[in-house]
Amino acid sequence: MRAINPRRISLLLAVTCLLTACGDKPKHPPERATAANAMPGDAALAQVYDTSCKLCHANPASGAPLTGDGPAWSPRIAQGPDTLLDHTINGYNGMPPMGLCVQCSEEQFLGLISFMSGQHIQ
């Protein structure tokens, strides 16, 4: 019986790790700094985003889809604006009712969702 060569094992492990990195993996979500620094172009929406949405949507630990993370937003956007508004207004899972913005209108919510998702919502 042949002895196991530690060098050969190390080489096999290195090749395995490199090949694993070649798979079709989803793109990494935007960095926290990117999500934290993003702001809507509209000054009123920027203020609402900064005081209400940013707390969760710029913090990966919150579990909320990060601002600018298209793949995380896609399944939500696919549900349509009525469902998005319902989840925003009434709360859903970890999403607090009214998204911490009790004075926001439906149009503002749709504008904020459009901004955070990077997709136009109507």
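Residues numbered from 1 in each chain as written. Predicted model: local features only at pLDDT ≥ 70, side-chain atom pairs only at ≥ 80, totals over all residues. Heavy atoms only, no water.

## What to know about the packing of helix α4 (residues 70–77) against helix α6 (residues 106–117)
Between α4 and α6, the shortest axis-to-axis distance is 9 Å and the interhelical angle comes to 140 degrees. The angle between α4 and α6 places the two elements in the oblique class. Contact residues: Gly-70, Trp-73 and Ile-77 in α4; Ile-113, Met-116 and Ser-117 in α6. Looking at the contact of α4 with α6 residue by residue, the class counts come to 4 nonpolar, 2 polar and no charged. (Axes fitted to C-alpha atoms, helices over the stretch in contact; angles between N-to-C directions. Helix = DSSP H or I, 4+ residues; strand = E, 2+ residues; numbered from the N terminus. Parallel < 35°, antiparallel > 145°, perpendicular 65-115°, else oblique. Contact = heavy atoms within 4.5 Å. Nonpolar A, V, L, I, M, F, W, Y, C, P; charged D, E, K, R; others polar.)

## Concerning the pattern of salt bridges
All chains considered together, the criterion is met by 1 salt bridge. One salt bridge connects Asp-50 with Lys-54, and the closest N-O pair in it is separated by 3.3 Å. With Asp-50 and Lys-54 both in helix α3 (residues 43–57) and 4 residues apart, this pair spans about one turn of that helix. Under the relative-accessibility criterion, Asp-50 is labelled partly exposed at 39%. Looking at Lys-54, the relative accessible area reads 24%, which means it is partly exposed. (Salt bridge = Lys/Arg side-chain N within 4 Å of Asp/Glu carboxyl O. Buried < 20%, exposed > 50% of the residue type's maximum accessible area, 1.4 Å probe, protein only.)

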